[in-house]
Amino acid sequence: MKGRQVIKIKETLNLDDLEIIFKNHWKESSFTRGKVGAYGEYIRLPATDKFRVLVYPKKKALVLITYYEEGKQLDYIAETSSNMFFGPLLKKIFVKKEDSMEHDRTTNAESYLIHYTNALRDILIKQNLAL
């Protein structure tokens, strides 16, 4: 899976409209509103300990994506370390971490993405907003 789903809707919504839909039909403690440079403003939903699902409006569509939220300090240390022992050791640890993260994204986070997409599509159909 790609880590991205699109729900086509009848009219373009802004984030305030989307937030109202979430407040009326979603458990409020399970979503937050935020902003990321590449995606602009979004609604953030929990997925795994490292990944979230972001929902943001586009022209006549809602886009849901998986998003990695933790920093990559270990990668920076491993790549820039001049220490002959710790640099390669940290790199090995990080590669193993990356493998498990990729597995987490492609299995667990993707499951949440599909679940949220289906739930949101059902809500939008009931509101007569989805195509």
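Right above here is the structure, for reference.
Caption draft 1: Focus on the nonpolar core. One finds Phe22, Leu45, Leu120 and Leu124 to be the most contacted residues of the largest nonpolar core, which totals 23 residues. For this core, the elements supplying multiple residues, two or more each, are helix H1 (15–25), strand E3 (40–46), strand E4 (51–58), strand E5 (61–68) and helix H3 (86–126). By residue number, the principal contributor to this core is H3, which donates 5 residues. Sequence-distant contacts of Leu120, that is, excluding residues within four places in its chain, are made with Ile7, Phe22, Trp26, Val55, Leu62 and Leu64.

Caption draft 2: Highlighting the packing of aromatic side chains. Tallied over the full model, the rule gives 5 aromatic pairs. An angle of 50° between the planes, with centres 4.8 Å apart, marks the rings of Phe22 and Trp26 as tilted. Here Phe22 falls in the buried class, since its relative accessible area comes to 1%. The class for Trp26 is buried, based on a relative accessible area of 15%. Both rings, one in Phe22 and one in Phe31, keep their centres 5.3 Å apart while their planes meet at 50°; by these two values the pair is tilted. Of the aromatic side chains, those joined through ring pairs into one cluster are Phe22, Trp26, Phe31, Tyr112 and Tyr116.

Cut-offs and rules
Residues numbered from 1 in each chain as written. Predicted model: local features only at pLDDT ≥ 70, side-chain atom pairs only at ≥ 80, totals over all residues. Heavy atoms only, no water. Core = buried A, V, L, I, M, F, W, Y, C linked by side-chain atoms within 4.5 Å. Buried < 20%, exposed > 50% of the residue type's maximum accessible area, 1.4 Å probe, protein only. Helix = DSSP H or I, 4+ residues; strand = E, 2+ residues; numbered from the N terminus. Contact = heavy atoms within 4.5 Å. Phe/Tyr/Trp six-rings, centres within 6.5 Å; stacked < 30°, edge-to-face > 60°.

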